[in-house]
Amino acid sequence: MRDISERKSTDDVDFEDSSKLNAILESSQSTIYALDKKFNYITFNNAHKKAIKYAYEIDIEAGGNYLNLPYVKKNKTVVRQYLKRALAGEQFTINEVFGDGTLFKKDYETTYNPIKNQSGEITGIAVFSQDITIRKKAEDQLLQAKAAAEAASRAKSEFLSNMSHEIRTPMNAIMGLTDLLMAQNVDNPDYEKLNAIKYSAENLLRIINEILDFSKIDAGKMIIEEAPFDIQELVNELVRSLQPSAKNKGLEFSANIADDVPLKLTGDRVRLSQILTNLASNAIKFTNFGSVVVNINTVSRAPEKVSLSLEVADTGIGIPKEKIETVFDSFTQVHSNLKYGGTGLGLTITKRLVEMQAGNVSVTSKPGIGSTFTVIIPYKITAGGAATEGPQKLTHVPNFKGINVLVVEDNQMNRFLAGQILGSWNITVDMAEDGLEAIKKVEDKEYNLVLMDLQMPRMDGFEATDYIRNKMPEPICNTPIVVLTADVMPETREKALQLGINRFITKPFKQPDLYNAIVEITGVKDNFITLDTPSVQKQIVGKAKNDVQMEKPDLDYLKKLINNDERALKQLVGIYQTALPVDMDLFLGNYNEQKWSELGKIAHKMKSSFANLGMGNTASALLQIEKPCKLGAPPENLTELVDHVKQAFNETIKTLKKV
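Residues numbered from 1 in each chain as written. Predicted model: local features only at pLDDT ≥ 70, side-chain atom pairs only at ≥ 80, totals over all residues. Heavy atoms only, no water.

K.L.:
Which parts of the structure should I look at to understand the pattern of salt bridges?
P.N.:
Pairing is possible between side chains of opposite charge, provided their charged atoms come close. Scanning the model with the defined rule gives 15 salt bridges in all. Across the salt bridge formed by Arg85 and Glu90, the nearest N and O atoms sit 2.7 Å from each other. In this structure, Asp643 engages Lys646 in a salt bridge whose closest nitrogen and oxygen atoms are separated by 3.6 Å. On the criterion of helical spacing, the pair formed by Asp643 and Lys646 is a turn pair, its members being three residues apart in helix H19 (residues 638-657). Take Asp643: its relative accessible area is 33%, and that puts it in the partly exposed class. Members of the salt-bridge network, linked through shared partners, are Glu109, Arg135 and Glu139. (Salt bridge = Lys/Arg side-chain N within 4 Å of Asp/Glu carboxyl O. Helix = DSSP H or I, 4+ residues; strand = E, 2+ residues; numbered from the N terminus. Buried < 20%, exposed > 50% of the residue type's maximum accessible area, 1.4 Å probe, protein only.)

Next comes the structure, spelled out in structure tokens:
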């Protein structure tokens, strides 16, 4: 006789453990099964058995071969690969679809594990499969929502890009020609009127820039740059630009920099200038008497870093206590009446810009006493004290005799403006209306510089630049190219830079920007003549829809544009007499043939021509045609608008023939 009580006790323990394990397996909602090396079932839980029964009307049994399942037969190669990987000792997880895809279809996350005996030998495969159908559906919905959001973001960016182009292109002509007129009419009684036009144009541009900046920040497209700059120069520039508006209100405007503030810093000069300008111009707007003061102090300093306090204090109308918390909210105006105006974005943009530079902004205020905005931003101290110069104002007429420049621009008025400015700088100027014409020109003649617009018919500036850089021989492919565009979106700049442009200048461009580009890119230094001051042009404001009225070209306006130069006037009139009839034939042809997309394109081109003739109502009518036609759906009052354009064209030709 042998004592087997010890073995029986062990068997009882194994039985208990096995029972517990089986209970766990059966209570699991995951499907669990084990296969031997020939892929026969060793065991499986009830969840797996039910799933197979529901999907394929099959009752599985221990010893049955897993490879006989319809799902496995359908995906035989892939499933065998999984099983072989597990038998080779690999543990891994895959996602798979289970079911026939008609009445029954579920997504599973399946984990394959090799089964080993006590000797470490692989004897089979354990498979754990979890139903993730609900989770997968939620993930798919999330991906769809993300894709929709990204599509909306792209549409928004495209809209902003187009809006920027449409608005900034005429603004380029308005501000640029006003600069020329003011320079030529300093002693003219109308000088103050020109100055008022310039102020209005700059204010409009500021509002446009606020909207675009807000959108760029909101889309995460705003980039904070780091470059050396001189804060003293920046503050001097701030005072020069805002003192006139403060003086007009009888206010004292001053700025103070503490002695311990390092003047040579590294950071984003443009954004710092934008922050101070936003706060100071806001303070001037809401202050009716007293003063606006900008104070810059050191908060803390290390050998290579400094934190600056930028304080803008005013004696203005102040902010009610209950509105202090909302002063930085988007589209919020504490004093929301027509007297003060604005977009309600200035302070929002300021706060975002400060935070993007690891800073913070706060405000204290008492109604009737004034407000103080305080910004704290860290900057690097520029090594060696070198700093780049900020924007300059031309105080002379440049003389670039011997320089050849090709202007590539589809807008006639912008070509005229570029020709006037560059011509006054003694530059030889050639013109091209699109990329195809530009390519032919650079093949035939060597240019020191190409000024390239981006949005043009036939071939745009991107395509033309790519062709010049990559498909033309040396030295043509190395011709310096400066993009001159009304599209200020960062992705547009990035795309242009990747194509190999030398400089990116936005419209309305500043003469110093163009001057600096010519000097730096060509290496040619100019021989000064003389000059001074700014300028703008007549701002055209179109009538509201269904309120277009007949008008004639403003010949007095045309004469002022060219400083009463009779020769230039005849030249300009000749351009219009030649170009307008051609455009009008295309316009009417597309209208009669119902080619809406083409009608929209020619309306876009003609819009600028009439606007630059002082015919804002006609420009407005063409805008009302352009937008919907580009989308393939003409406006309901198309016939009325086309009749207006025809009458305006006839009046224009009659008037121009008398010149």
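K.L.:
Sorry if this is basic, but what is going on with the confidence of the model for the protein chain here?
P.N.:
A low pLDDT score tells you not to read the predicted coordinates there in detail. Here the protein chain averages 78 in pLDDT, and 76% of its residues register 70 or above. Confidence over residues 528-549 falls short of pLDDT 50; this stretch has 95 contacts with residues more than four positions distant or in other chains. (pLDDT = per-residue confidence, 0-100. Contact = heavy atoms within 4.5 Å.)

K.L.:
Help me understand the packing of helix H7 (residues 231-248) against helix H8 (residues 269-285), please; the structure alone is not making it clear to me.
P.N.:
Relative placement of two packed helices is described by the angle separating their axes and the distance separating the axes. Where H7 meets H8, the closest approach of the two axes is 10 Å, and the angle between their N-to-C directions is 30°. In terms of their interaxial angle, H7 and H8 are classed as roughly parallel. Between H7 and H8 lies a crossing of right-handed hand. Of the residues in H8, those touching H7 at Ile231, Glu233, Leu234, Glu237, Leu238, Leu242, Ser245 and Ala246 are Arg269, Leu272, Ser273, Leu276, Thr277, Ala280, Ser281 and Ile284. Looking at side-chain class alone, the contact of H7 with H8 contains nine nonpolar, four polar and three charged residues. (Axes fitted to C-alpha atoms, helices over the stretch in contact; angles between N-to-C directions. Parallel < 35°, antiparallel > 145°, perpendicular 65-115°, else oblique. Left-handed = near helix turned anticlockwise from the far one by under 90°. Nonpolar A, V, L, I, M, F, W, Y, C, P; charged D, E, K, R; others polar.)

K.L.:
For this particular structure, what's the right way to read the packing of helix H11 (residues 435-444) against helix H12 (residues 461-471)?
P.N.:
Between H11 and H12, the shortest axis-to-axis distance is 8 Å and the interhelical angle comes to 25°. Relative to H12, the element H11 lies roughly parallel. As for the relative orientation of H11 and H12, their crossing is right-handed in sense. From H11, Gly435, Ile439 and Val442 reach across to H12, where they touch Ala464, Tyr467 and Ile468. When the residues that make up the contact of H11 with H12 are grouped by side-chain class, the tally is five nonpolar, one polar and no charged.

K.L.:
What should I look at first to understand the environment of Leu586 in this one?
P.N.:
Note on placement: Leu586 falls in helix H16 (residues 566-592). Spatially, the C-alpha atoms of Leu586 and Ile602 are 7.2 Å apart, while their sequence positions differ by 16 residues.

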